[in-house]
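# Summary of the model geometry
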Amino acid sequence: DEGGQLVDQFTLTTGEASVAHAVELSEAGDLYLAGQITIAGAARPWLGHYLADGSEDWTLDVPSNAGVTAPAGVDPFGEIVTVSTENCVVAAVRYEECDLLVRKYDGEGSMMWEVAYVDETFSGPVFSLPGFDASLTFDRFGYVYVSAVVYTPAGTDWWARKLNP
(Lines give C-alpha, C1' and ligand atoms only; values in the text may rest on other atoms or scores of the structure.)
Protein backbone atom coordinates (compact mmCIF):
# COMPACT_ATOMS: atom_id res chain seq x y z
CA ASP A 1 0.00 0.00 0.00
CA GLU A 2 1.04 3.68 0.08
CA GLY A 3 2.75 3.14 3.43
CA GLY A 4 4.93 0.28 2.19
CA GLN A 5 2.97 -2.42 4.02
CA LEU A 6 2.50 -5.86 2.44
CA VAL A 7 -1.03 -6.19 1.08
CA ASP A 8 -0.96 -9.71 -0.35
CA GLN A 9 1.45 -12.50 -1.27
CA PHE A 10 1.26 -15.90 -2.89
CA THR A 11 3.53 -18.79 -3.83
CA LEU A 12 3.82 -20.09 -7.37
CA THR A 13 3.12 -23.79 -7.22
CA THR A 14 3.39 -24.81 -10.89
CA GLY A 15 6.57 -26.50 -12.06
CA GLU A 16 9.77 -27.44 -10.27
CA ALA A 17 11.23 -23.93 -10.11
CA SER A 18 10.15 -20.48 -11.24
CA VAL A 19 11.92 -17.18 -11.81
CA ALA A 20 9.91 -14.00 -12.34
CA HIS A 21 11.54 -11.67 -14.85
CA ALA A 22 8.65 -9.26 -15.49
CA VAL A 23 5.77 -7.83 -13.48
CA GLU A 24 2.93 -5.85 -15.06
CA LEU A 25 -0.21 -4.40 -13.48
CA SER A 26 -3.34 -3.72 -15.53
CA GLU A 27 -5.62 -0.74 -14.96
CA ALA A 28 -8.15 -3.18 -13.48
CA GLY A 29 -5.62 -4.18 -10.81
CA ASP A 30 -4.83 -7.57 -12.31
CA LEU A 31 -1.25 -8.78 -12.03
CA TYR A 32 0.76 -10.42 -14.81
CA LEU A 33 3.97 -12.26 -13.95
CA ALA A 34 6.29 -13.50 -16.67
CA GLY A 35 9.57 -15.36 -16.61
CA GLN A 36 10.75 -18.92 -16.67
CA ILE A 37 9.38 -22.12 -15.24
CA THR A 38 11.07 -25.53 -15.11
CA ILE A 39 8.89 -28.50 -16.01
CA ALA A 40 10.40 -31.99 -16.26
CA GLY A 41 13.87 -30.43 -16.36
CA ALA A 42 13.07 -28.07 -19.27
CA ALA A 43 13.30 -24.29 -18.79
CA ARG A 44 10.24 -22.78 -20.48
CA PRO A 45 8.96 -19.25 -21.05
CA TRP A 46 6.04 -18.62 -18.72
CA LEU A 47 3.18 -16.12 -18.19
CA GLY A 48 0.68 -15.98 -15.34
CA HIS A 49 -2.43 -13.85 -14.77
CA TYR A 50 -3.56 -13.15 -11.21
CA LEU A 51 -6.74 -11.31 -10.28
CA ALA A 52 -6.82 -8.25 -8.05
CA ASP A 53 -7.78 -10.49 -5.08
CA GLY A 54 -4.55 -12.50 -5.55
CA SER A 55 -6.14 -15.62 -7.01
CA GLU A 56 -4.60 -17.32 -10.03
CA ASP A 57 -6.74 -16.88 -13.15
CA TRP A 58 -4.55 -18.70 -15.70
CA THR A 59 -0.94 -19.59 -16.50
CA LEU A 60 0.78 -20.46 -19.77
CA ASP A 61 4.08 -22.15 -20.45
CA VAL A 62 5.62 -22.50 -23.89
CA PRO A 63 7.36 -25.78 -24.69
CA SER A 64 10.79 -24.51 -25.67
CA ASN A 65 14.43 -25.42 -25.33
CA ALA A 66 15.96 -22.99 -22.82
CA GLY A 67 13.68 -19.97 -22.85
CA VAL A 68 12.38 -17.10 -20.75
CA THR A 69 9.67 -14.45 -21.04
CA ALA A 70 10.61 -10.88 -20.22
CA PRO A 71 9.33 -8.25 -20.68
CA ALA A 72 5.52 -8.28 -20.63
CA GLY A 73 3.10 -5.41 -21.00
CA VAL A 74 -0.61 -4.57 -21.10
CA ASP A 75 -1.62 -2.57 -24.18
CA PRO A 76 -4.26 0.21 -24.24
CA PHE A 77 -6.96 -2.40 -24.97
CA GLY A 78 -6.15 -4.57 -21.94
CA GLU A 79 -4.42 -7.28 -23.95
CA ILE A 80 -1.05 -8.66 -22.88
CA VAL A 81 2.08 -8.75 -25.05
CA THR A 82 5.17 -10.77 -24.16
CA VAL A 83 8.69 -10.94 -25.53
CA SER A 84 10.55 -14.24 -25.10
CA THR A 85 13.94 -15.63 -25.94
CA GLU A 86 13.57 -19.29 -26.88
CA ASN A 87 15.55 -22.24 -28.23
CA CYS A 88 18.73 -20.76 -26.77
CA VAL A 89 22.19 -22.23 -26.45
CA VAL A 90 23.01 -22.55 -22.76
CA ALA A 91 26.42 -20.92 -22.17
CA ALA A 92 28.38 -20.61 -18.92
CA VAL A 93 26.35 -17.81 -17.30
CA ARG A 94 23.66 -16.87 -19.81
CA TYR A 95 21.51 -17.92 -22.75
CA GLU A 96 22.98 -17.16 -26.17
CA GLU A 97 22.00 -17.56 -29.83
CA CYS A 98 18.30 -17.32 -29.02
CA ASP A 99 15.23 -16.87 -31.18
CA LEU A 100 13.05 -13.92 -30.19
CA LEU A 101 9.28 -14.33 -30.10
CA VAL A 102 6.65 -11.65 -29.57
CA ARG A 103 3.17 -12.88 -28.63
CA LYS A 104 -0.13 -11.14 -27.94
CA TYR A 105 -2.80 -12.71 -25.73
CA ASP A 106 -6.36 -11.68 -24.97
CA GLY A 107 -7.56 -11.29 -21.38
CA GLU A 108 -8.44 -14.99 -21.20
CA GLY A 109 -4.92 -16.11 -22.14
CA SER A 110 -5.72 -17.13 -25.72
CA MET A 111 -2.96 -16.25 -28.18
CA MET A 112 -4.05 -13.64 -30.71
CA TRP A 113 -0.83 -13.56 -32.74
CA GLU A 114 2.82 -14.51 -32.67
CA VAL A 115 5.84 -13.16 -34.53
CA ALA A 116 9.11 -15.12 -34.50
CA TYR A 117 12.54 -13.71 -35.32
CA VAL A 118 14.94 -16.59 -35.87
CA ASP A 119 17.57 -15.16 -38.24
CA GLU A 120 19.28 -12.87 -35.74
CA THR A 121 21.39 -13.96 -32.75
CA PHE A 122 19.62 -12.63 -29.65
CA SER A 123 20.95 -12.85 -26.14
CA GLY A 124 18.96 -14.23 -23.25
CA PRO A 125 19.27 -13.43 -19.56
CA VAL A 126 22.30 -13.80 -17.35
CA PHE A 127 21.20 -16.57 -14.98
CA SER A 128 21.74 -14.59 -11.78
CA LEU A 129 19.96 -11.43 -13.02
CA PRO A 130 16.27 -10.89 -13.78
CA GLY A 131 15.28 -9.77 -17.26
CA PHE A 132 17.32 -9.67 -20.41
CA ASP A 133 18.36 -7.09 -22.97
CA ALA A 134 14.91 -6.42 -24.45
CA SER A 135 12.20 -3.84 -23.92
CA LEU A 136 8.56 -3.39 -24.84
CA THR A 137 6.21 -0.40 -25.01
CA PHE A 138 3.00 0.72 -26.71
CA ASP A 139 1.63 3.91 -28.19
CA ARG A 140 -1.93 5.11 -27.62
CA PHE A 141 -3.10 3.32 -30.77
CA GLY A 142 -1.84 -0.03 -29.52
CA TYR A 143 1.19 -0.35 -31.79
CA VAL A 144 3.83 -2.54 -30.17
CA TYR A 145 7.47 -1.42 -30.04
CA VAL A 146 10.10 -4.05 -29.22
CA SER A 147 13.85 -3.63 -28.91
CA ALA A 148 16.54 -6.18 -28.13
CA VAL A 149 20.27 -6.76 -28.25
CA VAL A 150 21.60 -8.73 -31.23
CA TYR A 151 25.10 -10.16 -31.33
CA THR A 152 26.75 -10.26 -34.77
CA PRO A 153 30.26 -11.14 -35.96
CA ALA A 154 30.87 -7.37 -36.16
CA GLY A 155 29.79 -6.76 -32.55
CA THR A 156 26.66 -5.83 -30.64
CA ASP A 157 23.70 -4.13 -32.32
CA TRP A 158 20.39 -2.76 -31.07
CA TRP A 159 17.43 -4.26 -32.88
CA ALA A 160 13.93 -2.71 -32.93
CA ARG A 161 10.55 -3.40 -34.54
CA LYS A 162 7.15 -1.72 -34.67
CA LEU A 163 4.29 -4.24 -34.80
CA ASN A 164 0.62 -3.69 -35.62
CA PRO A 165 -1.79 -4.17 -32.72
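This text follows the structure it describes.
Everything numeric in this text was worked out from a predicted model, so none of it was measured.

## What about the environment of leucine 60?
By the secondary structure assignment, leucine 60 is in strand S4 (residues 56-61). Measuring from C-alpha to C-alpha, the distance between leucine 60 and arginine 44 comes to 9.8 Å, with 16 residues separating the pair along the chain. Excluding residues within four positions of it along the chain, leucine 60 makes contact with Pro45, Trp46, Leu47, Tyr105 and Gly109.

## Notes on the nonpolar core
By size, the foremost hydrophobic cluster in this structure holds 20 residues, and its most contacted members are Leu100, Val102, Phe122, Val146 and Trp159. Of all the secondary-structure elements, those providing two or more residues to this core are strand S6 (80-86), strand S9 (98-105), strand S10 (111-122), strand S11 (134-138), strand S12 (144-152) and strand S13 (155-163). Not counting residues up to four positions away in its chain, the partners in contact with valine 146 are Val83, Leu100, Val102, Ser135, Leu136, Trp159, Ala160, Arg161 and Leu163. If you look at the next biggest cluster of nonpolar residues, it comprises 11 residues, including Ala22, Ala34, Val74 and Tyr105.

## Quick notes on the pairing of S6
Across the seven residues of S6, seven count as buried, placing the element largely inside the fold. Bridging between strand S5 (residues 68-74) and S6 involves five bridges; their strand directions are antiparallel. Residue glycine 73 lies in a different strand from S6, and its bridge partner there is valine 81. Connecting S5 to the antiparallel partner S6 that follows it, the hairpin turn spans five residues, and glycine 78 within it adopts a positive phi of roughly 85°. Relative to S9, S6 is paired through seven bridges, and the arrangement is antiparallel. Across the sheet, valine 81 pairs through a bridge with lysine 104, a residue of S9.

## Details of the pattern of salt bridges
Under the defined criterion, the tally for this structure stands at five salt bridges. In this structure, aspartate 75 and lysine 104 form a salt bridge, with 2.9 Å as the shortest nitrogen-oxygen distance. In this pair, aspartate 75 sits in the loop between S5 and S6 while lysine 104 sits in strand S9, placing the two residues 29 residues apart along the sequence. Its relative accessible area of 4% is what places aspartate 75 among the buried residues. When the shortest N-O distance is used, the salt bridge between lysine 104 and glutamate 79 registers 3.1 Å. On the criterion of sequence distance, the pair formed by lysine 104 in strand S9 and glutamate 79 in the loop between S5 and S6 is long-range, its members being 25 residues apart. By sharing partners, the salt bridges in this structure join Asp75, Glu79 and Lys104 into a single network.

## What about the packing of aromatic side chains?
Taken as a whole and assessed by the stated rule, the structure comprises two aromatic pairs. Measuring from centroid to centroid gives 4.8 Å for tyrosine 117 and tryptophan 159, while their planes differ by 75°, and the two rings are edge-to-face. Highlighted residues: tyrosine 117 in strand S10 and tryptophan 159 in strand S13, separated in sequence by 42 residues. Judged by relative accessible area, which is 13%, tyrosine 117 ranks as buried.

## Topic: the side chain of aspartate 75
From its side chain, aspartate 75 meets the backbone nitrogen of phenylalanine 77 in a polar contact 2.8 Å long. Leave out the neighbours within four places in its chain, and aspartate 75 touches Lys104 and Phe138.

Conventions adopted
Residues numbered from 1 in each chain as written. Predicted model: local features only at pLDDT ≥ 70, side-chain atom pairs only at ≥ 80, totals over all residues. Heavy atoms only, no water. Helix = DSSP H or I, 4+ residues; strand = E, 2+ residues; numbered from the N terminus. Contact = heavy atoms within 4.5 Å. Core = buried A, V, L, I, M, F, W, Y, C linked by side-chain atoms within 4.5 Å. Buried < 20%, exposed > 50% of the residue type's maximum accessible area, 1.4 Å probe, protein only. Pairing = 2+ DSSP bridges. Salt bridge = Lys/Arg side-chain N within 4 Å of Asp/Glu carboxyl O. Phe/Tyr/Trp six-rings, centres within 6.5 Å; stacked < 30°, edge-to-face > 60°. Polar contact = N/O pair within 3.5 Å; in protein donor to acceptor, adjacent residues only side chain to side chain.

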